[in-house]
Amino acid sequence: MQLILEELIYKRFCSCEQLVKSLASFGGKPAIFSPEPPDEGQEGWCGEVQYPKLIYNYDLQANEERNSAGTLSVSLLCQNVAEIAPERIEPLVRECLRDVILKPENGVPYCFAWARTDAFTIDEKKGNITIGSEVRFDILEYPSQETTDPDPVMAACRYIKEIYPDCLVMGYDRMGEITEASASRPVVYCRLVSVEKGRETNTVAWMDGKIAVHILCPDSSIRLKIAAGITNRLSLDGEIIMLDHSPMGIKRLQTNYKSDYLKEGQIIFTGNFGLLRYKAKEHTLLQAPFAKY
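Report on the accompanying structure.

Definitions and cut-offs
Residues numbered from 1 in each chain as written. Predicted model: local features only at pLDDT ≥ 70, side-chain atom pairs only at ≥ 80, totals over all residues. Heavy atoms only, no water. Core = buried A, V, L, I, M, F, W, Y, C linked by side-chain atoms within 4.5 Å. Buried < 20%, exposed > 50% of the residue type's maximum accessible area, 1.4 Å probe, protein only. Helix = DSSP H or I, 4+ residues; strand = E, 2+ residues; numbered from the N terminus. Contact = heavy atoms within 4.5 Å. Phe/Tyr/Trp six-rings, centres within 6.5 Å; stacked < 30°, edge-to-face > 60°. Disulfide = S-S within 2.5 Å. Salt bridge = Lys/Arg side-chain N within 4 Å of Asp/Glu carboxyl O.

Attention shifts here to the nonpolar core. Judged by nonpolar contacts, the single largest core of 27 residues is most densely connected at I9, F13, L54, L72, V74 and V93. Of all elements in the fold, only α1 (2-15), β4 (53-59), β5 (70-79), α3 (86-96), β6 (100-102), β7 (110-125) and β8 (128-141) reach the threshold of two or more residues within this core. Setting aside its immediate chain neighbours within four residues, L54 contacts F13, L19, L23, A31, I32, F33, V74, S75, L76 and V93. Core analysis: the second largest hydrophobic core is formed by 26 residues, I160, C167, V169 and M248 among them.

Here the focus is the environment of A62. Topologically, A62 is positioned in the loop between β4 and β5. Taking C-alpha positions, A62 is 9.3 Å from L140, a pair spaced 78 residues apart along the chain. Residue contacts for A62: discarding those within four places in its chain leaves S68, A69 and G70.

This paragraph deals with the packing of aromatic side chains. Across all of its chains, the model carries 5 aromatic pairs by this definition. Judged by centre distance (5.8 Å) and plane angle (65°), the ring pair of F13 and Y56 falls under edge-to-face. In this pair, F13 is assigned in helix α1 and Y56 in strand β4, connecting sequence segments 43 residues apart. Residue Y56 is classed as buried on the basis of its relative accessible area, which comes to 2%. When the ring of F33 is compared with that of W45, the centres are 5.8 Å apart and the planes differ by 70°; the resulting orientation is edge-to-face. Placement of the pair is F33 in strand β3 (residues 32-33) and W45 in the loop between β3 and β4, with a sequence separation of 12 residues.

Another point: the state of the cysteines. Enumeration according to the criterion identifies 1 disulfide in this entry. Linked covalently through their sulfurs, C16 and C96 form a disulfide whose S-S length is 2.2 Å. Residues C16 and C96 are joined through a disulfide that is right-handed, its torsion about the S-S bond being 80°. Of this pair, C16 sits in the loop between α1 and α2 (17-21) while C96 sits in helix α3, and the two are 80 residues apart along the sequence.

Another aspect to go through is the pattern of salt bridges. Here the structure, examined in full by the defined rule, presents 13 salt bridges. Across the salt bridge formed by E177 and K11, the nearest N and O atoms sit 3.4 Å from each other. Of the two residues, E177 is situated in the loop between β9 (168-169) and β10 (178-180) and K11 in helix α1; the sequence distance between them amounts to 166 residues. Residue classification places K11 among the partly exposed residues on the basis of a relative accessible area of 46%. R136 serves as the salt-bridge partner of E134, at 3.5 Å between the closest nitrogen and oxygen. Taken together, the salt bridges that share partners define one network made up of E95, R98 and D99.

Structural data, given as structure tokens:
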């Protein structure tokens, strides 16, 4: 899976026209490499032009502090005598990975949240100083949230899809290898935060499921409108009909328009739904009494 993700990152970089124009070429392709660039004396460079070039590495080790599934490091290398500096390429890299979902084959979807950018100088050759910038991203994982019937997340996904059919709902709609959220087609992701058992009756166990809704879109005004629309609809309906036709009542509802939509989500609501026992719960007889005559 790692090799496939690596190829998708490369494919995404190569699809960004402005970024490709800013880089040198090697073997007729943009100077984008992982994990190391080829030697400067290796055949394939276009003449003596070997800068700017881009090197990326990623590590899929979960970082609980930043609530991420790993990190992506992108190094931009230039020379001080060149017309293009790393500061001009860095915004193109960030824009290239902004609100983009990569889905490896048989893997989970990933997003990239910019963390920081650091400038550096690595060496000096023939009087020319090699300068660069290291751009770091948190890799965020968006696994399938499908559980078992009755499924509160799939019910929420279908509910949102009915309200906004133009949105791509992760886990409900089919996704390609590379999906770019846009103003015309925002991406929605519903995540099950927690489930807690509430009251219990003879035939039904009532559960409280806390669900977070993420709205991915580069246009903040569109994100706000969709979040407000979903919130208002949930408030008015008061329930979501689940896939088994049972109701899930909305107990608590909170919307934060300023929250991190990649990591936290803008909408968090608690739905109350029932697990049917299908038959009355019988009392267990621990010990049979013996009659004495």
